[in-house]
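So the chains spell out like this:
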Amino acid sequence: MFEPTSITIDEVVPTAKRMLHDGWRLITQTVFDRGEEGFDLFFHYDRELEELDFKLSAPRGTVIPSISGVYFAALLIENENRDLFGIAYEGLVLDFNRSLYLEEAGDPINAPFCKISTFTKPIREV
Amino acid sequence: MARTIIPFGPQHPVLPEPLHLKLTLEDETVVEAIPALGYIHRGLEGLARGRDFNQMVYVVERVCGICSCIHALCYCNCIEKLMGLDVPRRAKYLRVIWSELHRIHSHLLWLGLFADAFGFESLFMALWRVRERVMNILEATAGNRVIISVNIIGGVRRDINGAMLQHMLLDLDAIEKELKPLYSTMMNDYTVQKRTVGVGVLSKEQAYALGSAGPVLRGSGWAQDMRQLKYEAFEDLDFEPVVEHEGDCFARNKVRFREVFQSIDLVREAIRKLPDGDLAVKVKGNPEGEITFRVEQPRGELFYYVRCNGEKNPERVRIRTPTFANIPPLLAMLPGVQLADVPVIALSIDPCISCTER
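Note that this is a predicted model, so its numbers are computed, not measured. (Residues numbered from 1 in each chain as written. Chains lettered and ligands numbered in written order. Predicted model: local features only at pLDDT ≥ 70, side-chain atom pairs only at ≥ 80, totals over all residues.)

Regarding its fold elements, chain A presents 2 helices and 6 strands. Counting helices and strands in the order they occur from the N terminus, chain A gives β-α-β-β-β-β-α-β. The contacts of chain A with a sequence gap of at least 6 include a subset with a gap of at least 24, amounting to 47%. (Helix = DSSP H or I, 4+ residues; strand = E, 2+ residues; numbered from the N terminus. Contact = placed C-beta atoms within 7 Å.)

Structure representation (structure tokens):
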């Protein structure tokens, strides 16, 4: 069964560095949107077919330290999370600025299941 | 030297799907490649919240046509494990047979496209002619050629009778016989070697550190294949990953061609060991909990995270496809290569953009 280890925001990058040092491969990250409560961000790693998972729970609007400087493969994953869930990352090695999937003029964001938008639609006066 | 930025894709003769790379060139040499995605993003993960867990089988099958059967297999395993369902052994074997047939036709499709990418059109046509035989088997056993919809939660929808199994064995013999000379051509032909040997090299260390999956990982010397996890009937079948060590386009090509023969052997073995029994178990209630599951698609490791709360709709279905994992390695392969080699290298990861963008 799925039993991730909880980590804090300060442990995200040190954990990634430790995993890389110990020979773990990054599989992916998963975002679970908890609505007003915030979101869960899972980090999935693999080594010789063994899977190890970490879970970070954060309130909405939290800026997550990017692990793309440790695992280059994280750059697309984190840009995707930015597009689809509006999660902000700090230190992305290649920042698409929310245009990986979306139009470059995609403001306000209107991704299929983006709830945590940092943009606000202007109120249209009738 | 002045740099030029040119677009590679989204519409390009070698690309079956819209992959877009922004290539920065110095003369004819690539110095940087930046991907641009989003042409066929459909929000299928988001659909999970609006479909019940049975309907989601059909949704995940449409993530990608070529490996639809394996997407459904992975998703069904997640739900079955959450619900504690004991899938009948016959169903597990049938799932393996259909998924290996999918692997064969996917690899043959790619091998044909790859031959076409370096201008070997007769090889392309010969490979696709053989692929038609596999498509005919799928149609005869499942009623459809590509999206065969045989997996359901708890087992499989259809059986394969004894006469059809015998017919399949004869067909597999013919497929193998027709493929052997094509394998020899692919491995020994001057043109193939000239365009692929030493091109797009990904070292063993790079392949692992960049999170590669499937034939890209195995072509760089890593013996990692999710079928080693022994899901479904693989626990009873003889399986060793196909590995090559050179890390170039030729090695990835060789891994896939050898895997075609391996999959033929796996189907034969599964048919030989196919047990009698039911096709599915009855499903009661709704799934609850969260789980991850991994299987091996033709393009590599497929990862699913599924979370359910006891209601009929899943709360979250997360899909990480192998092409998504293989784009960072592609970005590492391209700097330093000639522009003329970009189509061959881009194709060598077997890019499936429908999978990537979901």
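Here the narrative resumes.
Let us now look at the overall build of chain B. The secondary structure content of chain B amounts to 13 helices and 8 strands. The C-alpha radius of gyration computed for chain B amounts to 20 Å, which stays within 12% of the reference 21 Å derived for 358 residues, consistent with globular compactness. Over its C-alpha atoms, taken along the principal directions, chain B stretches across nearly 70 × 45 × 30 Å. Here chain B holds 358 residues, and 54% of them are scored as buried. (Rg over C-alpha atoms; globule rule 2.2 N^0.38 Å. Buried ≥ 20, exposed ≤ 12 C-beta atoms within 10 Å, placed from the backbone.)

This brings us to the sheet that holds strand β1 (residues 3-8) of chain B. Residues and elements named next belong to chain B. Strand order in the open sheet formed by 3 strands is β1-β2-β3, and the pairing between neighbours is antiparallel. Of all strands in the sheet, those with a lone pairing partner are β1 and β3 (29-36), marking the two edges. The average undirected angle you get between the axes of adjacent strands in this sheet is 25°. Bridge count between β1 and strand β2 (residues 20-26): 6 bridges; the pairing is antiparallel. Within β2, the position partnered with isoleucine 6 by the bridge is leucine 23. (Pairing = 2+ DSSP bridges. Axes fitted to C-alpha atoms, helices over the stretch in contact; angles between N-to-C directions.)

A separate point is the pairing of strand β4 (residues 50-58) of chain A. For a regular strand, side chains alternate in direction, first toward one face of the sheet and then toward the other. Residue and element names in this part refer to chain A. Relative to β4, strand β1 (residues 5-6) is paired through 2 bridges, and the arrangement is parallel. Bridge pairing in β4 places threonine 5 opposite phenylalanine 54. Alignment of strand β3 (residues 39-47) against β4, held across 9 bridges, turns out to be antiparallel. Note that in β4 the partner of arginine 47 across the bridge is glutamate 50.

Counting residues at the interface gives 22 residues for chain A, matched by 25 residues for chain B. The leading source of residues in the side of chain A that touches chain B is strand β2 (residues 25-33) of chain A, at 6 residues. In terms of residue class, the side of chain A that touches chain B is built from 17 nonpolar, 3 polar and 2 charged. (Nonpolar A, V, L, I, M, F, W, Y, C, P; charged D, E, K, R; others polar.)

So, on to the confidence of the model for chain B. Of all residues in chain B, 100% attain a pLDDT of 70 or more, and the chain-wide mean is 90. Both scores are given for the predicted complex: the pTM is 0.89, the ipTM 0.88. (pLDDT = per-residue confidence, 0-100.)

The next point concerns unusual backbone geometry. Residues and elements named next belong to chain B. If you check the backbone angles, aspartate 27 has positive phi at about 55° while not being a glycine. With respect to the helices and strands, the residue aspartate 27 is situated in the loop between β2 and β3. In this model, glutamate 232 sits at a positive phi of 50°, which is unusual for a non-glycine residue. With respect to the helices and strands, glutamate 232 occurs in the loop between α9 (215-218) and α10 (249-273).

A few words now on the environment of Val344(B). Residues and elements named next belong to chain B. On the secondary structure map, valine 344 appears in helix α12 (residues 342-348). Taking the C-beta count within 10 Å as the criterion, valine 344 has 19 such neighbours and is therefore assigned partly exposed. Between the C-alpha atom of valine 344 and that of phenylalanine 293, which follows or precedes it by 51 residues, the distance is 32 Å. Dropping the residues within four chain positions of it, valine 344 is found in contact with Ala117, Phe118, Arg195, Thr196, Val199 and Cys249.

Let us look at helix α3 (residues 68-83) of chain B. All names here are of chain B. When the terminal C-alpha atoms of α3 are compared, their 23 Å separation across 16 residues agrees well with the 22 Å that a helix rising 1.5 Å per residue should span. By the criterion of burial, α3 is predominantly enclosed, with 14 of the 16 residues buried. Immediately downstream of α3, the backbone of glycine 84 shows phi near 70°, a positive value. (Expected span 1.5 Å × (residues − 1).)

Turning to the nonpolar core, a few remarks are in order. Residue and element names in this part refer to chain B. Residues Cys74, Tyr75 and Tyr304 are the most contacted members of the largest nonpolar core, which totals 140 residues. Of the residues forming this core, the biggest block, 14 residues, is contributed by helix α4 (residues 89-117). The residues contacting cysteine 74, other than those within four sequence positions of it, are Phe293, Val295, Leu302 and Tyr304. (Core = buried A, V, L, I, M, F, W, Y, C linked by C-beta atoms within 7 Å.)

Turning to the packing of α4(B) against helix α5 (residues 121-142) of chain B, a few remarks are in order. Residue and element names in this part refer to chain B. Close contact between α4 and α5 brings their axes to 8 Å; oriented N to C, the two are set at 160°. One element, α4, and the other, α5, form an angle in the roughly antiparallel class. Two packed elements cross with a definite hand, and for α4 against α5 that hand is left-handed. Only Glu121, Leu123, Phe124, Leu127, Trp128, Val130, Arg131, Val134, Met135, Ile137, Leu138 and Ala142 of α5 make contact with α4, whose side of the interface consists of Trp98, Leu101, Ile104, His105, Leu108, Leu109, Leu111, Gly112, Ala115 and Asp116. Taken together, the residues of the contact of α4 with α5 sort by class into 17 nonpolar, 2 polar and 3 charged. (Parallel < 35°, antiparallel > 145°, perpendicular 65-115°, else oblique. Left-handed = near helix turned anticlockwise from the far one by under 90°.)

What follows concerns the environment of Val12(A). All names here are of chain A. When you line up the elements, valine 12 lands in helix α1 (residues 12-21). Expressed as a C-alpha distance, the spacing of valine 12 and glycine 91, which sit 79 residues apart in the sequence, is 13 Å. Excluding its chain neighbours within four sequence positions, the residues that come into contact with valine 12 are Ile7, Leu56, Ile64, Pro65 and Ile67.

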